[in-house]
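Examination of the molecular architecture
Next come the chains, spelled out residue by residue.
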Amino acid sequence: MVGIVLVMLGGALGSMWRYSWSGFVAERLGETFPFGTFVVNLVGSVLIGAFSGVIAHLSSSADAALLQQFLVIGICGGLTTFSSFSLQTYNLITEGRWLSALANILFSTGFCLACVAMGWQVTQWVSL
Amino acid sequence: MCCSPEPSEKVMLPGRLMSHQLPQIYAIANNSIFLDPEIDSIQVPAKIGKSCQIVFMRRYILVAIGGGIGSVVRFGITEFMAPLALWPPLSLLVVNTSGCFLISFLNFVSDPSGDIYLGPRSRLFFLVGICGGYTTFSSFSLLSFNAARNGSLLDLWLNIGLSHILCLFSVWLGAIVAAPFPRAFRRIARLLRS
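Cut-off values and rules
Starting afresh in each chain, residues are numbered from 1 along the sequence in its written order. Throughout, the order in which chains and ligands are written sets their labels, letters from A for the former and numbers from 1 for the latter. pLDDT decides what is reported in this predicted model: residues at 70 or higher carry local features, side-chain atom pairs at 80 or more are listed and counted, and totals for whole chains, interfaces and linings draw on all residues regardless. Every helix listed is a DSSP run of H or I at least four residues long, and every strand listed is a run of E at least two residues long, numbered separately from the N terminus. Counts of 20 or more other C-beta atoms within 10 Å of a residue's own C-beta define buried residues, counts of 12 or fewer define exposed ones, and intermediate counts define partly exposed ones; C-beta atoms are placed from the backbone. It is the C-beta atoms, placed from the backbone, that decide contacts: two residues are in contact if theirs lie within 7 Å. Note on residue categories: nonpolar means Ala, Val, Leu, Ile, Met, Phe, Trp, Tyr, Cys or Pro, charged means Asp, Glu, Lys or Arg, and polar means any other residue, Gly included. The pLDDT score gives, residue by residue, the confidence of the prediction method on a 0 to 100 scale. How far a helix is expected to stretch is found by multiplying one less than its residue total by 1.5 Å. Helix axes use the C-alpha atoms of the stretch in contact, all axes being lines fitted to C-alpha atoms, and the angles between their N-to-C directions lie in the range 0 to 180 degrees. Oblique is the label for any angle not under 35 degrees, not over 145, and not in the 65 to 115 range, which are roughly parallel, roughly antiparallel and roughly perpendicular in turn.

**Comments concerning the overall build of chain B**
Each helix and strand counted, chain B has seven helices and three strands in total. From first element to last, N terminus to C terminus, chain B shows the α and β order β-α-β-β-α-α-α-α-α-α. Per-residue burial for chain B yields a buried fraction of 34% across its 194 residues. Of all intrachain contacts in chain B linking residues separated by at least 6 positions in sequence, the fraction that spans at least 24 positions is 64%.

Laid out in structure tokens, this is it:
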């Protein structure tokens, strides 16, 4: 029960941040490429790497479960989105912009993977 | 302090307004929303004769509630599939694929300009809120990272490849399934009016 509340709160926060930051980025960088979703997915990936690194080092498994639910499943899960990313890629494809669609997929996946590694690695260095 | 002398400063509603200002401000706010549901702030006269802007929190609350619901559903599905001990990325694959189908279907059934079956705020709630909170890119990246770290390259490439291919296919499927609905709705509406 507590887990559900934590996930709901984290998801609400993450989604609000996703809406405001992606809108902010889209206003400045334009709507020609889904920069907003890209930025928000990057930040979420860094955070999930960092949070997972911290949670892996916790001794109490009860605390670990609560933090996992709020931070990882809630905040990072709400902050990032696969559905908007896929829809935007599909729209790029149907507009005929195959290169942009491919770039979206490759850069999103590649950079987000790198961000997870970065976030996780920082927690490993800090904990030493 | 709610109303500052700077006309460009944004203010949350409800804020610390003087009680006699409230009816006027809510009246102006309601009229503005009726005229244009997409606006997010209005200029209102303040007590001192200077104006302040009021930002409508409604849009953020809609996204927050939708995001909370979507995240809980995602949590429920992954928790349900965890004891089945199938391929670890499978639960997330199921969630992301169904979320992509849902967002595509709802997106193409409604239209922000032409035939509106979902208004702009409903789109915000369902697309940005629920579907956005339901699907996740961070967990997908984390699974890929763990697979790469464990050296299981098969898991890594299978996760990445299947996720993107299945999700794009779901988006396409959602668009196909949604296409006949507007015409069907119009036929039913015409039938009911006859």
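After that view of the structure, there is still more to cover.
**Digging into the overall build of chain A**
For chain A, the count of helices and strands is five helices and zero strands. When the helices and strands of chain A are read in sequence order from the N terminus, they spell out α-α-α-α-α. With respect to the three principal axes, the spread of C-alpha positions in chain A is 50 × 35 × 25 Å. Within chain A, buried positions represent 48% of all 128 residues. In chain A, once contacts between residues fewer than 6 apart in sequence are set aside, the share between residues at least 24 apart is 74%.

**Structural notes on the interface of chain B and chain A**
Tallying the contact residues gives 39 residues for chain B and 40 residues for chain A. When residues of the side of chain B that touches chain A are traced back to their parent elements, those giving at least two are α2 (58-81), α3 (90-109), α4 (120-134), α5 (138-149) and α6 (153-178) of chain B. For the side of chain B that touches chain A, the leading source of residues is α2 of chain B, giving 12 residues. Class assignment for the residues of the side of chain B that touches chain A results in 19 nonpolar, 19 polar and one charged.

**Some details on the confidence of the model for chain A**
Low pLDDT marks stretches whose predicted atomic positions should not be read closely. Here chain A averages 91 in pLDDT, while 99% of its residues score no lower than 70. Looking over chain A, one finds the lowest element-wise mean pLDDT in helix α1 (residues 2-29) of chain A, namely 91, and the highest in helix α2 (residues 35-56) of chain A, namely 94.

**Overview of helix α7 (residues 180-193) of chain B**
The end-to-end C-alpha distance of α7 of chain B is 20 Å, a good match for the 20 Å that 14 residues give at a rise of 1.5 Å each. Of all 14 residues in α7 of chain B, zero are buried; the element is thus mostly exposed.

**Let's talk about the confidence of the model for chain B**
All names here are of chain B. Residue-level pLDDT values for chain B average 76, and 68% of them are 70 or greater. Mean pLDDT across the elements of chain B ranges from a minimum in strand β1 (residues 10-13), with 43, to a maximum in α5, with 94. Overall, residues 32-39 carries pLDDT values under 50, and its contacts beyond four positions in sequence, including any with other chains, amount to six contacts. Predicted as a complex, the structure gets a pTM of 0.80 and an ipTM equal to 0.93.

**Concerning the environment of Phe 140 of chain B**
Within the fold, Phe 140 of chain B resides in helix α5. Since 30 C-beta atoms lie within 10 Å of it, Phe 140 of chain B is described here as buried. Sequence-wise, Phe 140 of chain B and Asn 159 of chain B are 19 residues apart; in three dimensions their C-alpha atoms are separated by 8.0 Å. If sequence neighbours within four positions are ignored, Phe 140 of chain B has contacts with Phe 82 of chain A together with Leu 92, Asn 96 and Ser 163 of chain B.

**Concerning the packing of α3 of chain B against α4 of chain B**
All names here are of chain B. Contact geometry for α3 and α4: axes closest at 9 Å, N-to-C directions at 170°. Between α3 and α4, the angle falls in the class roughly antiparallel. Where α3 approaches α4, its residues Val 95, Gly 99, Leu 102, Ile 103, Leu 106 and Asn 107 are matched on the opposing element by Phe 126, Leu 127, Cys 131 and Tyr 134. Residues that form the contact of α3 with α4 fall into these classes: eight nonpolar, two polar and no charged.

**A look at the environment of Leu 124 of chain B**
All names here are of chain B. Here Leu 124 lies in helix α4. For the pair Leu 124 and Gly 66, spaced 58 residues apart in the sequence, the C-alpha separation amounts to 8.6 Å. Setting aside anything within four residues of it in sequence, one finds Leu 124 in contact with Arg 59, Leu 62, Val 63 and Gly 129.

**Overview of the environment of Phe 185 of chain B**
On the secondary structure map, Phe 185 of chain B appears in helix α7. Once the C-alpha coordinates of Phe 185 of chain B and Gly 133 of chain B are considered, the two residues, 52 residues apart in sequence, prove to be 29 Å apart.

**Here we look at α5 of chain B**
With 12 residues, α5 of chain B extends 16 Å between its outermost C-alpha atoms, agreeing within 8% with the 16 Å of an ideal straight helix rising 1.5 Å per residue. Among the 12 residues in α5 of chain B, nine count as buried, and that is most of the element. Restricting attention to buried positions, one finds in α5 of chain B the residues Ser 138, Ser 139, Phe 140, Ser 141, Leu 142, Leu 143, Ser 144, Phe 145 and Ala 147 of chain B. Buried-residue contacts for α5 of chain B involve α2, α3 (61-79) and α5 (98-127) of chain A together with α3 and α6 of chain B.

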